[in-house]
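A look at the structure
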Amino acid sequence: MKPRILKIDPQNIDHDLLKQGVETIHNRGLVAFPTETVYGLGANALDARAAAGIFEAKKRPLDDPLIVHISEKEDLYRLAKNISPLAEKLMSRFWPGPLTIILEKTDLVPDIVTTGLGTVAVRMPSGSIAKKFISLAGVPIAAPSANLFGRPSPTSAKHVVNDLTGRIDIVFDGGKTKIGVESTVVEFDQDKTIVLRPGGISVEELRSIVGEVKVLDEKAELVSSPGKYPEHYSPEAKVVVISRDSRQVEKALLTLWEMKSYGLRVGVMAKQEHMEKYKNFDAQVLGPGSDGRTCATRLFHILREFDEKNVDVIVAEAIKEDGLGLAVMNRLRKASGTVS
Ligand code: AMP
Ligand code: MG
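The notes below deal with the structure included here.

1. Focus: the packing of aromatic side chains
Two measures describe an aromatic ring pair: the distance that separates the ring centres and the angle between the ring planes. Taken as a whole, this structure holds three aromatic pairs when the rule is applied. Residues Phe 33 and Phe 133 carry aromatic rings whose centres are separated by 5.3 Å and whose planes lie at 55° to one another, so their mutual orientation is tilted. Of this pair, Phe 33 sits in strand S2 (residues 31-34) while Phe 133 is found in helix H6 (residues 128-137), placing the two residues 100 residues apart along the sequence. Of the two residues, Phe 33 and Phe 133, neither departs from the other in class, the shared state being buried. Considering the side-chain rings of Trp 257 and Phe 281, the 4.8 Å spacing of their centres and the 65° angle between planes classify their relative orientation as edge-to-face. In this pair, Trp 257 sits in helix H10 (residues 248-261) while Phe 281 sits in the loop between strand S14 (266-271) and strand S15 (282-287), placing the two residues 24 residues apart along the sequence.

So this is what it looks like as structure tokens:
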């Protein structure tokens, strides 16, 4: 059965519509909703059976922990304990917003949510629909991205419906999400902040607040970060990433012609400044190569669009890895399966 799709204007939120979702949450159902990063698939985080539904709907492995979303700071102290001054500092600067913090969990959090870990991932989103929905629900909401496991994260309600029809109850359609990549996930090692997953808050922003920040390289990410799999965020098509050097366009064109000569359908995800070089191909513009923020808003959308066109190979130009460019490249490498 198709989920109920309820259109909500993020600037003028209809509370009665949100209340339908709240009722579903209280009945152990699943509600997809937009946050500022991507669409989340929400269930009551304090109810193990409700949270189990998320893993089933997404076909998510049971060793991949969920992020718990809250709307008020007080809720944090019910979910987590021994919170360090460093964590407090980051929360006071970046919450509400796209920063997820790993903290020691309390007994209130069911084991299934954290997949048995002693820690819980918590975030307070800033998206207006997410904020209001969580607050009306009156319980913390466990919400991973609202896609089938391994697929590109959803940045529109259509992406959610394409992946999860028949598997969830409600989708709130609040239009395209603003940031387009998931939250930054951090943990702490004494006075050091460690980025487990780059995302919507850049490493530069974190450094400006806390000084020392270590970013796990992607191989280490697979080892140290629970629920990380080498291939992730993947479209059906094979993704080939072309590194950022003086021969980038030349190498991309060679790859495109070669793949085409094998009879494969090809598409290219290109930097704005190179678009005119790809006139002979189906080219989608990711954004200016040094503007990670713009590229982030388009990345998952383009990967999914190519799938709809049944493209076999997506040739993707690497962009500059600062700001949100780091998160974009992290997702691209995982989509291509080159981290292992
Ligand atoms: P998402 O699918 O966007 O909700 O991402 C959730 C990710 O957050 C997981 O795949 C983990 O990598 C990370 N995460 C969640 N809980 C924890 C935790 N307790 N410790 C470390 N990482 C976590
Ligand atoms: Mg996800």
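Next comes the rest of the description.
2. Observations regarding the pairing of strand S10 (residues 184-189)
Judged from the three bridges that link them, strand S6 (residues 99-105) and S10 form a sheet pairing that is parallel. When the bridges of S10 are listed, Leu 99 appears paired with Thr 184. As defined by bridge partners, S10 adjoins strand S11 (residues 192-197) across five bridges and the pair is classed as antiparallel. Bridge pairing in S11 places Glu 187 opposite Ile 194. Connecting S10 to the antiparallel partner S11 that follows it, the hairpin turn spans two residues, and Gln 190 within it adopts a positive phi of roughly 50°.

3. Overview of helix H2 (residues 48-58)
Within H2, burial applies to Ala 50, Ala 51, Gly 53, Ile 54, Phe 55, Ala 57 and Lys 58. Where H2 begins, one side-chain oxygen reaches toward the backbone nitrogen of Arg 49, 2.9 Å away; that side chain belongs to Asp 47. Positive phi appears at Lys 59, one or two residues downstream of H2, with a value of about 55°.

4. Looking at the site of ligand 1
Taken together, 16 residues lie around ligand 1, and Arg 60, Asp 64, Thr 119, Arg 197 and Pro 226 are the ones closest in. For ligand 1, whose unbound accessible area comes to 500 Å², protein coverage reaches 93%. Mapped by element, the contributors of at least two residues to the shell around ligand 1 are strand S7 (119-123) and S11. Residue composition of the shell around ligand 1, by class: eight nonpolar, four polar and four charged.

5. Some remarks on the nonpolar core
With 48 residues, the main nonpolar core has Leu 76, Trp 95, Leu 99, Ile 101, Ile 168 and Leu 206 as its most contacted residues. When residues of this core are traced back to their parent elements, those giving at least two are strand S3 (39-44), H2, helix H3 (73-79), helix H4 (85-94), S6, S7, helix H7 (157-164) and helix H8 (203-210). Sequence-distant contacts of Leu 206, defined by excluding residues within four places in its chain, comprise Leu 90, Phe 94, Leu 99, Thr 184, Val 186, Val 195, Ile 201, Gly 211 and Val 213. Val 181, Leu 299, Ile 314 and Ala 327 belong to the second largest nonpolar core, which has 25 residues in total.

The rules we used
Residues numbered from 1 in each chain as written. Chains lettered and ligands numbered in written order. Predicted model: local features only at pLDDT ≥ 70, side-chain atom pairs only at ≥ 80, totals over all residues. Heavy atoms only, no water. Phe/Tyr/Trp six-rings, centres within 6.5 Å; stacked < 30°, edge-to-face > 60°. Helix = DSSP H or I, 4+ residues; strand = E, 2+ residues; numbered from the N terminus. Buried < 20%, exposed > 50% of the residue type's maximum accessible area, 1.4 Å probe, protein only. Pairing = 2+ DSSP bridges. Polar contact = N/O pair within 3.5 Å; in protein donor to acceptor, adjacent residues only side chain to side chain. Near = heavy atom within 4 Å. Areas by Shrake-Rupley, 256 points an atom, 1.4 Å probe, with all protein chains shown as cover. Nonpolar A, V, L, I, M, F, W, Y, C, P; charged D, E, K, R; others polar. Core = buried A, V, L, I, M, F, W, Y, C linked by side-chain atoms within 4.5 Å. Contact = heavy atoms within 4.5 Å.

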